[in-house]
Amino acid sequence: MIDKDYITALKHRGSGDVAALINAQRDVGGVVFYNDCFANEKQPDNILLPAGYEFLKNDNPAYPVFYIGDSLTVLKKIPSGSIDFCMTSPPYWGQRCYENGGIGMEHTPEHFIANLLEVTKEIKRVLKDSGSFWFNIGDTYRNKSLQGIPWRIAIKMMDEQRWILRNDVVWNKHKGAMDSSADKLRNIHEMLFHFVKTSNYYYNADAIRQNPQTTVVRNGAVVSSSGVCGIRYRRQIELSTALSSEEKENAMRDLQHVLKKIENSEIPDFRMIIRNQQRATHSDSEKVSGRARELKEKGYYFLFYSKNGALPADVWEILPEDTQHREKHYAVYPEDLCKVPILATCPPDGIVLDPFCGSGTTNKVAYDLHRKSIGIDISEKYIDIARQRVSQLHLNLV
Ligand SMILES: C[S@@+](CC[C@H](N)C(=O)[O-])C[C@H]1O[C@@H](n2cnc3c(N)ncnc32)[C@H](O)[C@@H]1O
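Attention in this report is confined to the structure presented alongside it. Quick caveat, the model's predicted, so the values are computed rather than measured.

Further remarks concern the site of the ligand. By nearness alone, 21 residues border the ligand, and Gly 102, Phe 356, Gly 358, Ser 359 and Thr 361 come closest of all. Broken down by class, the residue content of the shell around the ligand amounts to eleven nonpolar, eight polar and two charged.

Shown next, in the form of structure tokens:
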């Protein structure tokens, strides 16, 4: 496996032989830089990161680059606008005791939130304008009261740092930590926020669509993928007292047109919203909704479904990964939590960042999905686990 002695020797000697350090590690599943590795050197800051970036730029396999050190200190050395995607899960406030202390050990939630906001500010700086930040944060009780930490941070990020919040995903873990209290419900969900910097961010919806749909044949007739053949809509139009005869004529003609598209498999499915018949799916205010206006002016409108399937909803059912590496690191998040974020919001040639990477789940999934990545953690032990997870994958491939 990795030539640890050699790396440690380099570290202690402070030799600054970056090329030798990278070469010693390149085929073992990732490169590790110690934040203090070149502390004796005159120019540590401008050696460390460029070396990592050089490695990220020119190696074919998506080996991660890991930095051992305090995330804020390392982040400050990363150039502005150089990262495509960030996903992370910082320690819970006051619950976990990681081997090197670090964030989460503050005396008050306010102090914890302030420290995390320093980190999110740097994340915003290093992200490209097209970038995304997926932030998973757990909550904590104090004096019987849930602290609401995820939302307190999210609101400050929006108000003070001008992040745009695109989704608040509820991660339903189905099982929570041991809880013996008899006066409240069990806690089994966590929040995963999707933040962006600008409204013009990268999003590949087709990479995450589920259940692609096709038209089907039922009793010899072509119907939509959910079985809609138009009979019910025709009857509703005919019997409607809310449509004028001209509106009825137009509605019948357009319905016929849509059914033809279903027959030709141009669209897999549709719904028709007719004035005073269906429950409308839009805001009733005509000022804000084009559909409300269409319903008022025309008397009906259509909703078309994508052939490529539907986008996932914002409640995710994912079991916690509590078997993997449990004895070494007990706050691993599941690989499935990272897949949709990376596929949808990190371009294939983009760079992934996890500033609290722990055992490297984000980096491993990035590697699986052929994205290069950077992981930062204060714990040398966890970085070692992270690198071993990726190197194991690599060894299985060769
Ligand atoms: C919740 S765990 C991350 C787990 C990770 N998502 C995984 O799947 O393994 C949080 C991590 O933050 C690290 N950490 C705590 N304070 C830190 C700091 N100031 N700088 C860098 N890492 C820190 C801890 O060592 C721990 O590994």
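This next bit is on the environment of Leu 311. Tracing the backbone through its elements, the reader meets Leu 311 in the loop between strand 12 (300-304) and strand 13 (315-317). The exposure class assigned to Leu 311 is partly exposed, which follows from the 15 C-beta atoms found within 10 Å. Along the chain, Leu 311 and Arg 209 lie 102 residues apart, while their C-alpha atoms are 4.7 Å from each other. In this structure Leu 311 touches Ala 205, Ile 208 and Arg 209, once residues within four positions along its chain are discounted.

In this section: the pairing of strand 8 (residues 189-196). Counting buried positions along strand 8 yields six of eight residues, so the element is predominantly enclosed. As judged from the eight bridges shared by strand 7 (residues 164-172) and strand 8, these two strands associate in the antiparallel manner. Counterpart to Ile 164 in the pairing with strand 8 is Val 196.

Attention now goes to the packing of helix 5 (residues 109-126) against helix 6 (residues 149-161). Viewed as axis vectors pointing N to C, helix 5 and helix 6 meet at an angle of 50°, and their least axial separation amounts to 10 Å. In terms of orientation, helix 5 and helix 6 fall into the oblique class. For the pair helix 5 and helix 6, the sense of crossing is right-handed. Touching Pro 109, Ile 113, Leu 116, Leu 117, Thr 120, Lys 121 and Lys 124 of helix 5 are Ile 149, Arg 152, Ile 153, Lys 156, Met 157 and Gln 161, all from helix 6. Tallied by class, the residues present in the contact of helix 5 with helix 6 amount to seven nonpolar, two polar and four charged.

Residues Ile 83, Phe 85 and Cys 86 are the most contacted members of the largest nonpolar core, which totals 55 residues. Among the elements that take part in this core, strand 4 (residues 127-137) stands out by supplying five residues, more than any other. Residue contacts for Ile 83: discarding those within four places in its chain leaves Ile 78, Val 126, Leu 127, Lys 128, Gly 131, Ile 351 and Leu 353.

The side-chain alternation of strand 11 (residues 270-274) yields one buried face, formed by Phe 270, Met 272 and Ile 274, and one unburied face, formed by Arg 271 and Ile 273. Judged from the five bridges that link them, strand 11 and strand 12 form a sheet pairing that is antiparallel. Considered in strand 12, the bridge of Ile 273 is made with Tyr 301.

Further remarks concern the environment of Arg 389. Following the sequence through the fold, Arg 389 ends up in helix 12 (residues 380-397). The class for Arg 389 is buried, based on 21 C-beta atoms found within 10 Å. As for Arg 389 and Ser 359, which are separated by 30 residues in sequence, their C-alpha atoms are 8.0 Å apart. When near neighbours in sequence (up to four residues on either side) are disregarded, Arg 389 contacts Ser 359, Gly 360 and Lys 364.

Positive phi values are uncommon outside glycine, yet Lys 144 reaches one of about 75°. Its place among the elements puts Lys 144 in the loop between strand 5 (141-142) and strand 6 (145-146). Despite not being glycine, His 370 shows a phi value in the positive range, around 60°. Take His 370: it is sitting in the loop between helix 11 (361-368) and strand 15 (372-377).

At a minimum axis separation of 9 Å, helix 10 (residues 335-345) and helix 11 run at an interaxial angle of 55°. Looking at the two axes, helix 10 sits oblique to helix 11. Helix 11 is crossed by helix 10, and the crossing has right-handed handedness. Note on element contacts: helix 11 touches helix 10 through Thr 361, Thr 362, Lys 364, Val 365 and Ala 366, opposite Glu 335, Cys 338, Lys 339 and Ile 342. Broken down by class, the residue content of the contact of helix 10 with helix 11 amounts to four nonpolar, two polar and three charged.

Basis of the calculations
- Residues numbered from 1 in each chain as written.
- Predicted model: local features only at pLDDT ≥ 70, side-chain atom pairs only at ≥ 80, totals over all residues.
- Near = placed C-beta within 6 Å.
- Nonpolar A, V, L, I, M, F, W, Y, C, P; charged D, E, K, R; others polar.
- Helix = DSSP H or I, 4+ residues; strand = E, 2+ residues; numbered from the N terminus.
- Buried ≥ 20, exposed ≤ 12 C-beta atoms within 10 Å, placed from the backbone.
- Contact = placed C-beta atoms within 7 Å.
- Pairing = 2+ DSSP bridges.
- Axes fitted to C-alpha atoms, helices over the stretch in contact; angles between N-to-C directions.
- Parallel < 35°, antiparallel > 145°, perpendicular 65-115°, else oblique.
- Left-handed = near helix turned anticlockwise from the far one by under 90°.
- Core = buried A, V, L, I, M, F, W, Y, C linked by C-beta atoms within 7 Å.

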